[in-house]
Amino acid sequence: MLKPLAFRVRPVTLKDIIGQDHLVGEKGFLTNSVKRKLPLSMILYGPPGTGKTTIAMCYANDLGIPYIKLNAVASNKKDLEDAINKAKLNPPYLLIIDEVHRINKDKQDILLPYIEDGTICLVGATTANPYISINKAIRSRCHLLEVKKLEEFCILFGLKMAISSPNGLDNKIDIDEESLKFIAKTSNGDMRFALNYLEVLSLTFNEEKIDLEKVKSITKVSNIQMDKNEDDHYNAVSALQKSIRGSDVDAALYYLARLCAANDLESIARRLVITAYEDIGLANPNACLRTKIAIDVAREVGFPEAVIPLSDAVIDLALSPKSKAGANSIYKALDCVNKMPLDVLDYLKYTPVNTLEIDKYPYDRPDLWNKIQYLPELIKNETFYEPSNNSQYEKVLNENYKKLKQIVRSSNLRKLKSSK
């Protein structure tokens, strides 16, 4: 049985890779690694269809070392153990793991020692941002390499190669330049999407001249996958948060839809949680909790149904009262910490040394707790909390804050304890 076109024309060596000159060009990172015969562990991250897994296999081929390909979701613990046992017999082995951001802790614990001693060179492939989604233990042992969205001229070149290749369509398709350019543009940097489109056309219009009208007649929508590491992705994520902050529910839903259409659940989840706590926060704490629940449900059901709880969360956040009190206050405190790191007061330390009992923190005197000075002496009168009054809940908090600020706090615990 004939394999799909994208599989048949898949590159075998790094020189066959289209684009990605920063990795596979004459002075590319992977090219230099191969020249020095130095296998390295790495995470290849970028949008779908840009050749991450293909690059990994070509890298192994050029190094002349065997590789094993697994999927972090579909492969179980035994698959990983089998791969490690093979690697032990003839190290080094290249272990390619698709969707590496989904590798669980059990698998990581098995894998890490063998990455450490060089038995295995891990090449993980992911569409997720590795700085957010990849566990630190894995990330610290790997080079992080971006695989960029392909430019239109690269896609066009790849389509022409697939048409002429004996392993591809072997010049058995007649399609004009305008049509190929349309496919390249529609693919939005995804070579696999473009090749699949071309294959559908070759099967549908066998032995017919293919023009732009025929191309557009195929039920194939524009590939709106957004590169998680390029402007399209960051702009959509940024616009989602700003629309929620500005209480424009229609705009917020539009940008949510763009991210949902790209199946970018991880970015949506992270941005909504951050937005909930940064921009809504104390004005509506329950909305923050509801957002987390909605994200959990979205992850459980997956796309396409995930759009429903996500939509509820976005509407809830956009129409909620807003408060940046929490974010502003902690950033002010962080600024102070960075400028003036001060020691903790002796009676607040976990195990105070050379402190008399009468000068220690009074665990048994709750009546004194709100009279004690907690800030270091140099900044004892500093305020970090920046209150806002955007909801009834915040007004209650702020009334309590005003009352507490009227209390004169003391670092003389001995005197406090003796007072009635």
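Conventions used here
- Residues numbered from 1 in each chain as written.
- Predicted model: local features only at pLDDT ≥ 70, side-chain atom pairs only at ≥ 80, totals over all residues.
- Heavy atoms only, no water.
- Helix = DSSP H or I, 4+ residues; strand = E, 2+ residues; numbered from the N terminus.
- Expected span 1.5 Å × (residues − 1).
- Buried < 20%, exposed > 50% of the residue type's maximum accessible area, 1.4 Å probe, protein only.
- UniProt positions renumbered as here; feature names shortened; annotations may be inferred.
- Core = buried A, V, L, I, M, F, W, Y, C linked by side-chain atoms within 4.5 Å.
- Contact = heavy atoms within 4.5 Å.
- Axes fitted to C-alpha atoms, helices over the stretch in contact; angles between N-to-C directions.
- Parallel < 35°, antiparallel > 145°, perpendicular 65-115°, else oblique.
- Left-handed = near helix turned anticlockwise from the far one by under 90°.
- Nonpolar A, V, L, I, M, F, W, Y, C, P; charged D, E, K, R; others polar.

(A) Spatial organisation of helix 14 (residues 249–261). Relative to the 18 Å expected for 13 residues at 1.5 Å per residue, helix 14 spans 18 Å between its end C-alpha atoms, a close match to the ideal helical length. Those residues of helix 14 lying buried are Val-249, Ala-251, Ala-252, Leu-256, Leu-259 and Cys-260.

(B) Inspection of the UniProt feature "domain: AAA+ ATPase" (unreviewed entry) in the chain at higher detail. Feature annotation in UniProt assigns "domain: AAA+ ATPase" (unreviewed entry) to the following positions: residues 38–150. Between the end C-alpha atoms of residues 38–150 the distance is 27 Å, and the span holds 40% helix and 23% strand.

(C) Up close: the nonpolar core. Judged by nonpolar contacts, the single largest core of 25 residues is most densely connected at Leu-159, Ile-175, Ile-183, Leu-198 and Leu-201. The set of elements that each furnish at least two residues to this core consists of helix 9 (152–164), helix 10 (177–186) and helix 11 (191–204). If you tally residues by element for this core, the top one is helix 11, at seven residues. Excluding residues that lie within four positions of it along the chain, Leu-198 makes contacts with Leu-5, Leu-159, Ala-162, Ile-163, Leu-169, Ile-173, Ile-175 and Leu-180. Core analysis: the second largest hydrophobic core is formed by 24 residues, Leu-240, Ile-244, Ala-294 and Ala-306 among them.

(D) Broad picture of the packing of helix 10 against helix 11. Between helix 10 and helix 11, the shortest axis-to-axis distance is 9 Å and the interhelical angle comes to 140 degrees. One finds that helix 10 runs oblique with respect to helix 11. Crossing geometry of helix 10 relative to helix 11 is assigned as right-handed. Taken together, the residues of helix 11 that come into contact with helix 10 (itself represented by Leu-180, Phe-182, Ile-183 and Thr-186) are Phe-193, Ala-194, Tyr-197, Leu-198 and Leu-201. Of the residues assigned to the contact of helix 10 with helix 11, the class counts are eight nonpolar, one polar and no charged.

(E) Focus on unusual backbone geometry. Here Pro-91 and Pro-92 are connected by a cis peptide whose omega angle stands at -5 degrees. With respect to the helices, strands and loops of the structure, Pro-92 is situated in the loop between helix 5 (77–89) and strand 3 (93–98). Across the junction of Phe-303 and Pro-304, the peptide omega takes the value 10 degrees, indicating a cis bond. The residue Pro-304 is located in the loop between helix 16 (285–301) and helix 17 (307–319) in this model. The residue Asp-170 is not glycine, and still its phi comes out positive at about 50 degrees. Tracing the chain through its elements places Asp-170 in the loop between helix 9 and strand 6 (174–175). Since its relative accessible area comes to 35%, Asp-170 is described here as partly exposed. Its identity is not glycine, yet Ser-247 carries a phi of approximately 60 degrees, on the positive side. Relative to the helices and strands, Ser-247 resides in the loop between helix 13 (231–245) and helix 14.

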